[in-house]
Amino acid sequence: MDAAPPTPAWHALAAGGSSAVVSRLVTYPPDTVKARLQVQGAGGTAMMYRSTLDAFAQMARREASGVGGFYRGFGGILLTVIPANMCYFSGYEFGKRIAPASGGLAADLTAALVAQTIAGVAFCPIDIVKQRVQTQQVLAPGTHISPLAAVRQVYSAAGLPGFFKGYGAMNALWLPWNLIYISLYEAAKRRVYYWQLGRLPGAVTHTQTVDGVSVRSYPPMQQVLPLWSFPVCSAICSASASVCTHPIDVVKTRLQVLSNRLGGASRAAGAGGTAGAAGAAGAAGAAGGGGAGPAAQRLTAWQVCRQLHAEEGLRGFSRGMGARVATMSTGSAVTWLTYESVKRGLTRWDQQQPQQQQQGLASGSQLQGRAAAVEATQ
C-alpha cells in the first residue's frame, strides 16, 4: 500500500469540527441516559431507573421539556466540543505523521496515544460540565442547571483544579479505549482495502525496473475504501473497545460528578489545593494543598470502586453499558463517517485547484491571443 501524501492541517480541523456537530446531535440523548444510570444510587440518591429503556421512557414522559430533556445543556456543550474534537483529530493526523514508517500496529498505537494526549486536556473540563448538567435530575430531582451555572458551581467549589477532577481516571479510560479502538479500526480498514483491491482489476500496477525487478504500486487507501467501510468498521470497533473499558467509565463518571457534589475537592477560604485521581485496575492517588479552613474530604477512584462494589457488587460496574455501547458505536460511526467524508472532499477539492488554475491560465492566454489577432487585422 503506497502512503498517501500528508493532508494539510486545516483539513483535520475542518473535518473534526464538522464531525463534532453531526455526532453530538445523534449521541447526546443516549449519553445523557448513560450518565444518569451510572450516577443513580450514589451518595444516597434514589434509584430512579430500572434499565436503559426505562430511563429513556421516564425521561420522555416525566420531564416537562419531553424530548428536549435529552438535549439539556446541548448548545453550551457543543460550543466547547467542536474545538475539543478539532484537537483530537489534529492529534490523530499528527500521530500518523510521526508514527514508524513501517506502519502496522506500532503506527496505530502512536496515532491513538498522540490523539488522546492532545485532546484529553480539552475534553476533561467539558466532560465534567456536561455530566453535571446531564445528572442534575438524579442528584436533585425536579431541578435543572445550565452549562454556565455548572461551570460556576465547579469553580466555586474547587477552583480551576475542579475542572480536571478525575483527569487521571479519564485518561485511564480513554487511553485504553483509543489504543483498542484505533488499532482495531485501522486494521479493519486495511482488511477492507485489500478486499476491495481484489475486486478492482488494474488497481495494482506492476512496474519493471532497470534491474528487471517487478515492483507493485498500490493506490492510496483513501482512494479505494468505499464510504460504507468507515461507519461499519468504526461501529464494530467502538463497541468492542467500549465493552472492554466500561467499568473504568463508571468509576470515572461517579468520581467527576460526586467529587463536586460531596465537596471532594472543595476549596477552603484563603487556601488553595488540587486533587487528582487515577483509576485503572483499582489504582488511585490524590495530592492536595491545605491551609486555613476546614479540611476537605477527597474522593478517590479507589474509594469509588470500594463503595460501588459494596453497594451493588460487580453488577454495578456494568451499569449503563447498553446506553454507552449504543452511544459510542453510533457516535463513532457518525463521527468517523463525517470526518473521513469531509477530509476526502477537501482532498479532492485541493487536487482540482491546480487543474482549474491551469484551465484559467489557458483561457486567459486564448483571450489574449484573440485580442492580439483582432488588433492585427485593424
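Residues numbered from 1 in each chain as written. Predicted model: local features only at pLDDT ≥ 70, side-chain atom pairs only at ≥ 80, totals over all residues. Heavy atoms only, no water.

A. Highlighting the overall build of the chain. From N to C terminus, the chain includes 11 helices and 2 strands. In the chain, which comprises 378 residues, the share counted as buried stands at 47%. Residue pairs in contact within the chain that sit at least 24 positions apart in sequence constitute 76% of those at least 6 positions apart. For the chain, the computed accessible surface area is about 17,900 Å², with 63% contributed by carbon and sulfur atoms. (Helix = DSSP H or I, 4+ residues; strand = E, 2+ residues; numbered from the N terminus. Buried < 20%, exposed > 50% of the residue type's maximum accessible area, 1.4 Å probe, protein only. Contact = heavy atoms within 4.5 Å. Areas by Shrake-Rupley, 256 points an atom, 1.4 Å probe, with all protein chains shown as cover.)

B. Molecular detail of the pattern of salt bridges. Counting across every chain of the model gives 16 salt bridges. Between Lys 34 and Asp 31 there is a salt bridge; the shortest N-O distance is 3.7 Å. Of this pair, Lys 34 and Asp 31 both sit in helix α1 (residues 9-39), 3 residues apart, which is roughly one turn of that helix. With respect to burial, Lys 34 and Asp 31 carry one shared label: buried. A salt bridge links Arg 50 to Asp 54; its shortest N-O distance comes to 3.4 Å. Overall, the relative accessible area of 70% leaves Arg 50 in the exposed class. (Salt bridge = Lys/Arg side-chain N within 4 Å of Asp/Glu carboxyl O.)

C. Structural view of a nonpolar patch on the surface. A surface patch of nonpolar side chains, amounting to about 390 Å² of accessible area, comprises Val 121, Tyr 155, Leu 160 and Phe 164. As for its position among the elements, Leu 160 is in the loop between α6 (147-158) and α7 (167-198). (Patch = residues over 30% accessible without salt bridge, like charges linked within 9 Å, V, L, I, M, F, W, Y side chains within 5 Å.)

D. Fine view of the packing of α1 against helix α4 (residues 105-134). Two elements in contact, α1 and α4, have axes whose closest approach is 10 Å; the angle formed by their N-to-C orientations is 65°. In terms of orientation, α1 and α4 fall into the roughly perpendicular class. Once α1 is placed against α4, the crossing between them reads as right-handed. For the pair α1 and α4, the contacting residues are Arg 24, Tyr 28, Asp 31, Thr 32, Ala 35 and Arg 36 in the first and Phe 123, Lys 130 and Gln 134 in the second. (Axes fitted to C-alpha atoms, helices over the stretch in contact; angles between N-to-C directions. Parallel < 35°, antiparallel > 145°, perpendicular 65-115°, else oblique. Left-handed = near helix turned anticlockwise from the far one by under 90°.)

E. Summary view of the environment of Ala 20. With respect to the helices and strands, Ala 20 occurs in helix α1. Exposure remark for Ala 20: the relative accessible area of 0% places this residue in the buried category. Those residues within four positions of Ala 20 in sequence are excluded, and the remaining contacts are Leu 78, Val 81, Ile 82 and Asn 85.

F. The arrangement of the packing of aromatic side chains in detail. Counted under the stated rule, the structure contains 17 aromatic pairs. An angle of 90° between the planes, with centres 6.4 Å apart, marks the rings of Trp 10 and Trp 349 as edge-to-face. Linking Trp 10 in helix α1 with Trp 349 in helix α11 (residues 321-377), this pair joins segments that are 339 residues apart in sequence. Among the residues examined, Trp 349 registers a relative accessible area of 44% and is labelled partly exposed. A network of ring pairs unites the aromatic residues Tyr 88, Phe 89, Tyr 92, Trp 174, Trp 177, Tyr 181, Tyr 185, Trp 336 and Tyr 339 as a single cluster. (Phe/Tyr/Trp six-rings, centres within 6.5 Å; stacked < 30°, edge-to-face > 60°.)

G. Quick look at the nonpolar core. In this structure, Tyr 88, Tyr 92, Tyr 181, Tyr 185, Tyr 193, Trp 336 and Tyr 339 are the most contacted members of the largest nonpolar core, which totals 51 residues. Ranked by residues supplied to this core, first place goes to α7 with 12 residues. Ignoring sequence-local partners within four residues, the contact set of Tyr 339 consists of Ala 12, Ala 15, Gly 16, Ser 19, Phe 89, Tyr 92 and Glu 93. By size, the runner-up hydrophobic cluster in this structure holds 22 residues, among which are Tyr 49, Leu 255, Ala 301 and Leu 308. (Core = buried A, V, L, I, M, F, W, Y, C linked by side-chain atoms within 4.5 Å.)

H. Quick look at the state of the cysteines. Within the structure shown, the criterion is met by 0 disulfides. Cys 233 provides the cysteine sulfur closest to Cys 237, a residue in no disulfide bond, and the two sulfurs are 6.1 Å apart. (Disulfide = S-S within 2.5 Å.)

I. Summary view of α4. Between its first and last C-alpha atoms α4 spans 37 Å; for 30 residues at 1.5 Å apiece the expected length is 44 Å, and the helix comes up short by more than 12%. Taken as a whole, α4 carries its principal kink of about 50° at Gly 120. For α4, the buried fraction is high: 21 of the 30 residues fall into the buried class. (Expected span 1.5 Å × (residues − 1). Bend = angle between axes of the 7 residues up to and from the residue.)

J. Summary view of the packing of α4 against α6. Following both chains from N to C, one finds α4 and α6 inclined at 115°, their axes separated by 9 Å at the closest point. Between α4 and α6, the interaxial angle falls into the category roughly perpendicular. Both α4 and α6 take part in a crossing whose hand is right-handed. Judged by residue contacts, Ile 128, Val 129, Arg 132 and Val 133 of α4 engage Pro 147, Ala 150, Val 151, Gln 153 and Val 154 from α6. For the contact of α4 with α6, the per-class residue count stands at 7 nonpolar, 1 polar and 1 charged. (Nonpolar A, V, L, I, M, F, W, Y, C, P; charged D, E, K, R; others polar.)

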